[in-house]
Amino acid sequence: MVAFGKKLKERQIQEWQGYYINYKLMKKKLKQYAQQIEVGIQDRRHVLKDFSRLLDNQIEKIVLFLLEQQGLLASRLAMLDEQNNTPQQQPEISQILELREAYRAVGQDLLKLLFFVEINAIGLRKILKKFDKRFGYSFTNSYVKTRANHPYSQLQQVFKHVGIGAVVGAISRNLHELQDRQGSYLSIYDQPALPLEDPVIDSIKAAVDRLTHSTNFLNFLAQHALIMQDELPTPVEEQVDDQKYHFMSLLLNLANTFLYMVNTYIVVPTADDYSLSLGAAATVCGIVIGAMAVAQVFSSVYFSAWSNKSYFKPLIFSSVVLFVGNILYALAYDLNSIAVLLIGRLFCGLGSARAVNRRYISDCVPLKIRMKASAGFVSASALGMACGPALAGLLQSNFKIYKLTFNQETLPGWVMAVAWLIYLIWVGISFKEPSRETEEHHLPQESNAAAENDAVEKGLKQPLLTSSEDKQQDEDSEQECDESEEVSPESHGPATSIRSAYRLLTPSVKVQLLIYFMLKYVMEILISESSVITAYYFQWSTSSVAIFLASLGLTVLPVNIVVGHYICNMFEDRQILLASEIIVCVGVLLSFHIINPYSVPQYVCSGLILFVSAEVLEGVNLSLLSRVMSSRLSRGTYNNGLLSTEAGTIARVVADGTITLAGYLGDSKLLNATLLPSLFICISSIVATCFTYNSLY
């Protein structure tokens, strides 16, 4: 790895060298400002004014050059259009080929212009972040808002890039018409769904997509998945991605994610009845549900390491272990053994291949569709979470085949065993192991935990804030003043153990992980004890509990749509984070049994408030987590995705253990006994967020 200044210099187009952002000058200015403020020569107001003027000049230089180049491209296209529209009875094939190559040449120059814009955008984001961190002032927000909303905004010229879109349209239309000159004369506007197979158009589209994503919703979902795109891929990397990509293999990974979430939550509505049937207390359901999470703490590590070598073998192993685990879970009823029941759930947890699913999307899905694949990962998880309890509510039969019992308690195990068997066969037939030969010649593109390419995509309300490059915390040190300084691979290599990964966590990262722990804890308390609580207070049946839990799960995607489309554009992430934490705390407070009788509306409404606010908090928290996480944790076995998964899994284990321990106090005290630690953790996370406000933002 090298410093950003040297990387910027290496990627510059030589003939355009004088029009790039002068990153080195601006960084030296920051150092100069810091020295002047320290000795009292300059005050902060003068520094803000001077730095704003410097930024304005840099952006103006970039924008004027961009407009000049767009004009040159438009002139070339106009000349080509004249040649193309010259009346001829039968144009020669050589003339058509010559015109096509000329249009492709314009496309290649447009591609260079897009990379020019992208590199400058990264430089602007980085220098703005450096200013905020150096002087402890939120300059970025005020600068972007005042410039973006002005009628003569030059930022709009860069990030709306309407002119570039017109050039892309002209090239696409003419290439398509020249390609079909011998047959159909239909335009691309007559057939908008017609695929454009020209590689130049594909490359341009991928570059434009990196500058501005199609929707906020996709980006918000992808942040949940902790999988994001890289900033500046080279053509070689894009070719490698295309060689690795296999749609059916991606679909199998998403199916694995869906089935695992169904498997996790299908037992929740009946876990208390199953425990009673085997002679244990109803609150042992906490251990039954949590056993899967306990095993997942360990399985996440070895699956993450295994995915360094293979994707096919971990998925096969996962399917076999989950098949065996569900068989054991179902047989525990006829064996009358709580031990077999718990072993079955432990086996299910040992088959958790979510680390492999994330890693496959990160490594093997092309950049141009990785955002959609990441959103698919989150959608599959949410759908599985809703389908699990709903499916349990449908499995209300009671019959025997030979000596095997099939009832509402065992059917979830039998159904999931059949599902995993079918999935195992499907994987064996359809999965294609991606080639790893190219990884010997290129640096591996590991899981990049929710990078911030959404900054440009969010338009002009919050552009230029961050990028995946910004996660390199060491770049913020004084050593970066030497632009050509090489950073040793040893000091920036991936973490090799949980201990070394923990050492890389800054206080702000630890706060974000605490928030993640808190929201997973309160959600697990709500879900896992729902069958016991509703049976004690409201005498709900299994079907009623299943409907309640499925309804909660179905709120995930609508909430993400609202947050991704609207709330993120109206408020800053830090505001949404703190507000969500407070609302989660309010949901916990409203859930306490203080006034008799404890009513269904109180339980349902408080549970809905708690669950929805926790979902909002999760998306925003993971987005912010990516901004403060070390770049050394974006790759390797012990990456930021694994750390976040472990934090959430441990929270579920602790929550399920809390339910079981609180069960010794009796069902009448279970609710308040489990809500007290939830309230304590909520308040702790709010206090920690407030104390680390400056370091986070």
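As recorded by an unreviewed UniProt entry, the chain carries the name SPX domain-containing protein and is attributed to Carya illinoinensis. Listed in UniProt under the heading Subcellular location (unreviewed entry), the comment for the chain reads: "Membrane". UniProt annotates the chain under Sequence similarities (unreviewed entry) with the comment "Belongs to the major facilitator superfamily."

Student: Now, about the overall build of the chain: what can you tell me, with residues and values included?
Tutor: Helix and strand counts for the chain stand at 29 helices and 2 strands. Taking the intrachain contacts of the chain between residues at least 6 apart in sequence as the baseline, contacts between residues at least 24 apart amount to 84%. With the model as given, the accessible surface of the chain reaches about 29,300 Å², and the carbon-plus-sulfur share is 62%.

Student: Now, about helix α16 (residues 354-364): what can you tell me, with residues and values included?
Tutor: Burial analysis of α16 places 10 of its 11 residues in the buried class, which makes it a mostly covered element. All buried positions along α16 are accounted for by R354, V356, N357, R358, R359, Y360, I361, S362, D363 and C364.

Student: Break down the nonpolar core for me, with residues and values.
Tutor: Within the largest apolar cluster, 116 residues are counted, with the highest numbers of intra-cluster contacts made by Y423, M518, L519, V522, V588 and F611. The leading source of residues in this core is helix α21 (residues 507-528), at 14 residues. With near-sequence residues (within four places) excluded, Y423 lies in contact with L252, N253, A255, N256, L259, L315 and S319. Residues F116, L124, L128 and F135 belong to the second largest nonpolar core, which totals 48 residues.

Student: Help me get a handle on the packing of α21 against helix α28 (residues 667-691), residues and values and all.
Tutor: The contact between α21 and α28 brings their axes to 9 Å, and the two run at 155°. Overall, the two elements α21 and α28 adopt an arrangement that is roughly antiparallel. Our pair here, α21 against α28, has a crossing hand that is left-handed. Residue-level inspection shows V511, L514, I515, F517, M518, Y521, V522 and I525 of α21 in contact with α28, the latter providing T674, P677, S678, I681, C682, S684, S685, A688 and T689.

Student: So, the pattern of salt bridges: which residues are in play, and what are the values?
Tutor: In this structure the tally under the stated criterion is 8 salt bridges. We note a salt bridge from R104 to E101, for which the minimum N-O separation is 2.7 Å. Taken together, the residues span about one helical turn, with R104 and E101 both in helix α4 (residues 93-135) at a distance of 3 residues. By sharing partners, the salt bridges in this structure join E15, R76, D109 and K112 into a single network.

Student: How would you sum up the packing of aromatic side chains? Please name residues and give values.
Tutor: Considering all chains together, one arrives at 32 aromatic pairs under this definition. Considering the side-chain rings of W16 and F65, the 5.2 Å spacing of their centres and the 70° angle between planes classify their relative orientation as edge-to-face. One end of the pair, W16, is in the loop between α1 (4-11) and α2 (23-39); the other, F65, is in helix α3 (residues 44-84), with 49 residues separating them in the sequence. Neither W16 nor F65 differs from the other in exposure class; each is buried. Here F517 and Y521 contribute two aromatic rings whose centre-to-centre distance is 6.3 Å and whose plane-to-plane angle is 20°, an arrangement assigned as stacked. Here the residue F517 and the residue Y521 both occupy positions in helix α21, the gap between them amounting to 4 residues, near one helical turn. On the accessibility criterion, Y521 (1% relative accessible area) is buried. Just above the ring of W16 sits the side chain of K112; from NZ or CZ to the centre is 5.8 Å.

Student: Requested: an account of a nonpolar patch on the surface, with residues and values cited.
Tutor: Side chains of I582, I583, V586, L590 and I609 sit close together on the surface and give an oily, nonpolar patch of about 370 Å² of accessible area. Ranked by residue count, the leading element in the nonpolar patch is helix α25 (residues 573-591), at 4 residues. Among the structural elements, I583 can be located in helix α25. Residue class for I583 comes out partly exposed when judged on its relative accessible area of 40%.

Student: Just give me the short version of the side chain of T405, but keep the residues and values in it.
Tutor: Structurally, the position occupied by T405 is in strand β2 (residues 404-406). Here the side chain of T405 touches D334 through a polar contact of 2.6 Å, side chain to side chain. With residues near it in sequence (within four places) discarded, T405 still touches Y333, D334, F399, K400, T410 and W414.

Student: Break down the environment of G619 for me, with residues and values.
Tutor: With respect to the helices and strands, the residue G619 is situated in helix α26 (residues 600-628). Judged by relative accessible area, which is 0%, G619 ranks as buried. Measuring from C-alpha to C-alpha, the distance between G619 and L577 comes to 9.2 Å, with 42 residues separating the pair along the chain.

Student: Can you tell me about the confidence of the model for the chain, naming the residues and giving the values?
Tutor: It should be kept in mind that the predicted coordinates are not to be read in detail where pLDDT is low. A residue-level look at the chain finds 74% of positions with pLDDT of 70 or above and a mean pLDDT of 78. Counting contacts from residues 182-196, a segment whose pLDDT is below 50, to residues more than four positions away or on other chains yields 18 contacts.

Scoring rules and cut-offs
- Residues numbered from 1 in each chain as written.
- Predicted model: local features only at pLDDT ≥ 70, side-chain atom pairs only at ≥ 80, totals over all residues.
- Heavy atoms only, no water.
- UniProt positions renumbered as here; feature names shortened; annotations may be inferred.
- Helix = DSSP H or I, 4+ residues; strand = E, 2+ residues; numbered from the N terminus.
- Contact = heavy atoms within 4.5 Å.
- Areas by Shrake-Rupley, 256 points an atom, 1.4 Å probe, with all protein chains shown as cover.
- Buried < 20%, exposed > 50% of the residue type's maximum accessible area, 1.4 Å probe, protein only.
- Core = buried A, V, L, I, M, F, W, Y, C linked by side-chain atoms within 4.5 Å.
- Axes fitted to C-alpha atoms, helices over the stretch in contact; angles between N-to-C directions.
- Parallel < 35°, antiparallel > 145°, perpendicular 65-115°, else oblique.
- Left-handed = near helix turned anticlockwise from the far one by under 90°.
- Salt bridge = Lys/Arg side-chain N within 4 Å of Asp/Glu carboxyl O.
- Phe/Tyr/Trp six-rings, centres within 6.5 Å; stacked < 30°, edge-to-face > 60°.
- Lys NZ or Arg CZ within 6 Å of the ring centre and 35° of its normal.
- Patch = residues over 30% accessible without salt bridge, like charges linked within 9 Å, V, L, I, M, F, W, Y side chains within 5 Å.
- Polar contact = N/O pair within 3.5 Å; in protein donor to acceptor, adjacent residues only side chain to side chain.
- pLDDT = per-residue confidence, 0-100.

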